[in-house]
Amino acid sequence: MIQRINIYRIVKDHLKTLRSLNQSYNFINIGDFLLFFIIPSVISLTLTLLNYNFINQLDNLIASISILGGFLFNLLAIIYSQIENIKIDVQKLGDSDKNKIEKRIKNKFINEIHSNISFAIILSIFLILSLLSITIDIPEFKYKTIIEHIFIFINYFLMQLFTLTLLMIINRIYILFKKTADK
């Protein structure tokens, strides 16, 4: 039953797109690790400790993330409709080698874009739920402030991760359509 809602593979496949281009190296590229995890964590921690909050803009944040999440579903449909139109330019190879390499590159690129978009959709769902969790009125108890700060930190982190993932998707879609237009 849990397999129907298991998102582990989507997260795992997304993280694979952040690894080094060297296939023997299975870890996330250090630059991508810094960009997608360390820098957002530092910024989130700083904003949380400085007591910046986004409560006044909560409705706008939820609405905008919901809209972007919906657009991501449409983007998946566009990607699938453009799969056959992608042309990767591979020079100085025989026709049979060229076709094999082109197909392999196309499949890898499409699979990575699919993983990134799917991850961003899941991230938007979790971000909306996390933003809604801020509105929960926690009764007074000893660690209330710490719990609230943890939720705010998580929200800041997820917002930054969502934004960076969207930027990565936009860049990859641009490359995808650019290759299609240049053929």
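Our structure is the block above this text.
So, here is what we can say about the structure in this document. Model, not experiment: these values are computed from the prediction.

What about the pattern of salt bridges?
Here's step 1: In the structure shown here, the tally under the stated rule is three salt bridges.
Here's step 2: Taking the shortest distance from any N to any O, the salt bridge between Arg172 and Glu112 comes out at 2.9 Å. Of this pair, Arg172 sits in helix H5 (residues 144-182) while Glu112 sits in helix H4 (residues 95-133), and the two are 60 residues apart along the sequence. Here Arg172 and Glu112 have matching classes, each one buried.
Here's step 3: Residue Lys144 pairs with Glu140 through a salt bridge whose shortest N-O separation is 3.1 Å.
Here's step 4: The exposure class assigned to Glu140 is exposed, which follows from its relative accessible area of 68%.
Here's step 5: One continuous salt-bridge network, built from bridges that share partners, spans Glu140, Lys144 and Glu148.

Overview of the packing of aromatic side chains
The geometry of an aromatic ring pair is captured by two quantities: the separation of the ring centres and the angle between the planes.
Here's step 1: Applying the stated criterion across every chain, the model contains two aromatic pairs.
Here's step 2: Aromatic side chains Phe33 and Phe37 sit 5.7 Å apart centroid to centroid with 40 degrees between the ring planes, which places their arrangement in the tilted category. Pair noted here: Phe33 and Phe37 are both in helix H2 (residues 30-49), with a separation of four residues, about one helical turn.
Here's step 3: For Phe33, a relative accessible area of 33% puts it in the partly exposed group.

The rules we used
Residues numbered from 1 in each chain as written. Predicted model: local features only at pLDDT ≥ 70, side-chain atom pairs only at ≥ 80, totals over all residues. Heavy atoms only, no water. Salt bridge = Lys/Arg side-chain N within 4 Å of Asp/Glu carboxyl O. Helix = DSSP H or I, 4+ residues; strand = E, 2+ residues; numbered from the N terminus. Buried < 20%, exposed > 50% of the residue type's maximum accessible area, 1.4 Å probe, protein only. Phe/Tyr/Trp six-rings, centres within 6.5 Å; stacked < 30°, edge-to-face > 60°.

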